[in-house]
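# Reading the structure
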Amino acid sequence: MDKLQFTIPEIFSFIGVAQCVYILVFMAFRADKLNNASVPFLYFLIMGAAFFMDFAQRFLNEISHYYEVWGLMLWFAGPPLSVLVIMQMVTGSGHQALRHYFWVLFLPAVAFLSAYGLTFISADCGKEGMVLQCGDFRIWLVLCNILTGGASLLILWMKKDLFRLVRSQKYGQERYWLILTIIINNIFFLILMFSYFNAYMPDENIARIRTLLGLVFIYLVTTSLFRVYPQSLFKDAATADSLSDADRALADKITGLLEYEKIYHESGYSRSDLARELGVSEYQASNVINTHFGKSLPQLLNEYRVEDAKRLLIETTADIKVVAEETGFNSIATFNRVFREITGYTPSAYRKNFVKK
């Protein structure tokens, strides 16, 4: 009967399992093609398995001397796999992330094999059932996986230029902050893993904090991830092909207003102004912009403004403040921030690098 009385950590772990199952079912039914969502599917499958290993440890620990080792490896697989999830959020292509970063999935296995090699060096570690009692094995296992997780996160630093494009995408701002939250969550996790080197920090406490970090991430997923995740990966995502003939005609009018009438030169131009010129509701105008152009009206206007600003910076010697005013920005600070987000350069640096000497 005692085994039916669950502890608080076991209940938290079970909640993590249930949430991961919910996410996996959601993706299985919503993904246009399951292989398009293979990266997050694999991530949450492994996370669910990690939660389950924690939940069932009291019941299944005796089935293998390596039970705790496999549980640790599942948790340590999180940072490398999160890199793939983040790259898919940035690029919108699961295949591209897998093709370029699939080797990340092997890093935890490499770390485990390196640590397991100690069983052949040390006679004590090599004895059946003695692996977890071998101090060298435990230290090397945890250290290798911390380094592996940190190295995988450095990949994002190597690809940092891609993140400048995120904010110009649909839900770009929300997606950008969610990516930062995922990265911070993984950094906290790796810092927590250093506690295994602290003899005064019981493993049970580390596991509890680890579970809470996992639940925080799951909460973020269920509340925001699939709202800002690349919608092309899921069914019922609105695309330009789904627009009616009337909506396509509106899209053409919007293009004309942008390219010929240059409505973006008005710094205060708003959705209501656009809807009034088109003779439609604000909702319909926004829906056409989001679906046809794949971005919000402010993002669309700023892209056109920056393109004009790039031309003025190269072809004229006008002061940067004048360029900002001429292209529709209401302040020099906004101009500098938006210009850098879209181009990766400040206006002055862009002029310096691209004006022909």
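Owing to the predicted nature of the structure, the values given are computational and were not obtained by experimental measurement. (Residues numbered from 1 in each chain as written. Predicted model: local features only at pLDDT ≥ 70, side-chain atom pairs only at ≥ 80, totals over all residues. Heavy atoms only, no water.)

### Quick word on the nonpolar core
Proteins that are soluble and globular tend to have nonpolar side chains buried together. Formed by 47 residues in total, the largest nonpolar core has its most connected members in Phe44, Met47, Phe51 and Met193. Elements with a contribution of two residues or more to this core: helix H1 (8-30), helix H2 (38-55), helix H4 (67-76), helix H5 (78-91), helix H10 (135-158), helix H11 (172-193) and helix H12 (203-228). Here the element with the most residues in this core is H11; it accounts for eight residues. One finds Leu257, Val288, Phe293 and Leu297 within the second-largest nonpolar core, a separate group that totals 18 residues. (Core = buried A, V, L, I, M, F, W, Y, C linked by side-chain atoms within 4.5 Å. Buried < 20%, exposed > 50% of the residue type's maximum accessible area, 1.4 Å probe, protein only. Helix = DSSP H or I, 4+ residues; strand = E, 2+ residues; numbered from the N terminus.)

### Let's talk about the layout of surface pockets
As a volume, the largest pocket reaches approximately 500 Å³. Lining the largest pocket are 20 residues, with Asp54, Gln57, Asp203, Glu204 and Ala207 positioned closest to its centre. Of all the secondary-structure elements, those providing two or more residues to the lining of the largest pocket are H1, H2, helix H3 (57-60), H4 and H12. When its residues are assigned to classes, the lining of the largest pocket shows seven nonpolar, five polar and eight charged. (1 Å grid on protein atoms, 1.4 Å probe; cavity = no way out; pocket = protein on both sides within 12 Å on 5 of 7 lines; lining within 4 Å. Points joined across faces, edges and corners; volume = space filled by probe spheres on them. Nonpolar A, V, L, I, M, F, W, Y, C, P; charged D, E, K, R; others polar.)

### Section: the pattern of salt bridges
Pairing between side chains becomes possible if they bear opposite charge and their charged atoms approach one another. Counted according to the given criterion, the structure contains seven salt bridges. With its nearest N and O atoms 2.6 Å apart, the salt bridge here joins aspartate 273 to arginine 276. With aspartate 273 and arginine 276 both in helix H14 (residues 271-278), this residue pair falls three residues apart, about one helical turn. Given a relative accessible area of 60%, arginine 276 falls into the exposed group. (Salt bridge = Lys/Arg side-chain N within 4 Å of Asp/Glu carboxyl O.)

### What about the environment of threonine 211?
Among the structural elements, threonine 211 can be located in helix H12. Linking threonine 211 and isoleucine 15, residues 196 residues apart in sequence, is a C-alpha distance of 10.0 Å. Leave out the neighbours within four places in its chain, and threonine 211 touches Phe12, Ser13, Phe51 and Asp54. (Contact = heavy atoms within 4.5 Å.)

### Some remarks on the confidence of the model for the protein chain
Looking at the protein chain, the pLDDT average stands at 76 and 72% of residues meet or exceed 70. Confidence scores differ between elements of the protein chain, with helix H6 (residues 94-101) showing the lowest mean pLDDT of 50 and helix H17 (residues 320-326) the highest of 91. Segment residues 128-132: pLDDT under 50, and 11 contacts once partners within four positions in sequence are set aside and those in other chains are kept. (pLDDT = per-residue confidence, 0-100.)

### Overview of empty space enclosed by the protein
Evaluated as defined, the whole model comprises one cavity of 30 Å³ or more. In this model, the largest cavity occupies a volume close to 170 Å³. Forming the boundary of the largest cavity are 15 residues, of which Tyr43, Met47, Trp75, Gly78 and Phe189 lie nearest the centre. Mapped onto the lining of the largest cavity, the elements with two or more residues apiece are H2, H4, H5, H11 and H12. The element that contributes the greatest number of residues to the lining of the largest cavity is H2, accounting for four residues. Residues belonging to the lining of the largest cavity are distributed by class as follows: 10 nonpolar, four polar and one charged.

### Notes on the packing of aromatic side chains
According to the stated counting rule, one finds 12 aromatic pairs in the structure shown. Considering the side-chain rings of phenylalanine 52 and phenylalanine 55, the 6.5 Å spacing of their centres and the 45° angle between planes classify their relative orientation as tilted. Here the residue phenylalanine 52 and the residue phenylalanine 55 both occupy positions in helix H2, the gap between them amounting to three residues, near one helical turn. With a relative accessible area of 39%, phenylalanine 52 lands in the partly exposed category. Taking 5.4 Å as the distance between ring centres and 35° as the angle between the ring planes, the aromatic pair formed by tyrosine 264 and tyrosine 304 counts as tilted. Placement of tyrosine 264 in the loop between helix H13 (245-259) and H14 and of tyrosine 304 in helix H16 (residues 297-315) is noted, with a sequence separation of 40 residues between them. (Phe/Tyr/Trp six-rings, centres within 6.5 Å; stacked < 30°, edge-to-face > 60°.)

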